[in-house]
Amino acid sequence: TAFNRYTNALKQNDLIEAEKYLLQAQRIAPQSADVYRELARLANLRKQGSTAEAFSRKGLSFAQNNVQRKQLWEQILQSAKIEIGFEIVKLPFK
């Protein structure tokens, strides 16, 4: 499937091929929250925070469970980090 080919291209760090297959997956399943999550992830990998946020928010409108919602919100958080240009440091609890 296009989504499997996307995953393989991403593992090989071929972002151009990954995007090609992911866009094919989007045409096949235009209301898939998982596809929008991966489009957001790809945009974040390319340091395109605002694009990633837009894809994530679109995916939220199709999310069918809390796992999908959580994953999409994580992409929004990552896109915010890119947009403001710094990493949020997680401090260990004592």
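A quick note: this is a predicted structure, and the numbers were derived from the prediction, not measured.

A. Seen up close, the overall build of the chain. Scanning the chain from terminus to terminus reveals five helices and zero strands. Here the C-alpha atoms of the chain give a radius of gyration of 14 Å, agreeing with the 12 Å that 2.2 N^0.38 yields for 94 residues. In terms of principal-axis extent, the alpha carbons of the chain reach across some 45 × 30 × 25 Å. Among the 94 residues that make up the chain, the fraction classed as buried is 34%. In the chain, the share of contacts with a sequence separation of at least 24, taken over all contacts with a separation of at least 6, comes to 44%. On the chain, roughly 6,400 Å² of surface is accessible, and the fraction owed to carbon and sulfur atoms is 54%. Mean positive and mean negative side-chain charge positions of the chain (15 and 9 charges, respectively) differ by 4 Å.

B. Representation of helix α1 (residues 2–11). Burial in α1 covers these residues: Ala2, Tyr6, Ala9 and Leu10. Along the long axis of α1, the arc covered by the buried residues comes to 100°, so they all point the same way. Buried residues belonging to α1 abut α2 (15–28) and α3 (33–45). Just beyond α1, the residue with positive phi is asparagine 13, at close to 60°.

C. Structural detail: the pattern of salt bridges. The final tally for this structure, using the stated rule, is seven salt bridges. Taking the shortest distance from any N to any O, the salt bridge between glutamate 38 and arginine 37 comes out at 2.9 Å. Taking the relative accessible area as the measure of exposure, glutamate 38 reaches 7% and is therefore buried. Ionic contacts of the salt-bridge type, sharing partners, join the residues Asp34, Arg37, Glu38 and Arg41 into one network.

Scoring rules and cut-offs
- Residues numbered from 1 in each chain as written.
- Predicted model: local features only at pLDDT ≥ 70, side-chain atom pairs only at ≥ 80, totals over all residues.
- Heavy atoms only, no water.
- Helix = DSSP H or I, 4+ residues; strand = E, 2+ residues; numbered from the N terminus.
- Rg over C-alpha atoms; globule rule 2.2 N^0.38 Å.
- Buried < 20%, exposed > 50% of the residue type's maximum accessible area, 1.4 Å probe, protein only.
- Contact = heavy atoms within 4.5 Å.
- Areas by Shrake-Rupley, 256 points an atom, 1.4 Å probe, with all protein chains shown as cover.
- Lys, Arg positive; Asp, Glu negative; His and termini not counted.
- Charge placed at Lys NZ, Arg CZ, Asp CG, Glu CD.
- Arc of directions from axis to C-beta.
- Salt bridge = Lys/Arg side-chain N within 4 Å of Asp/Glu carboxyl O.

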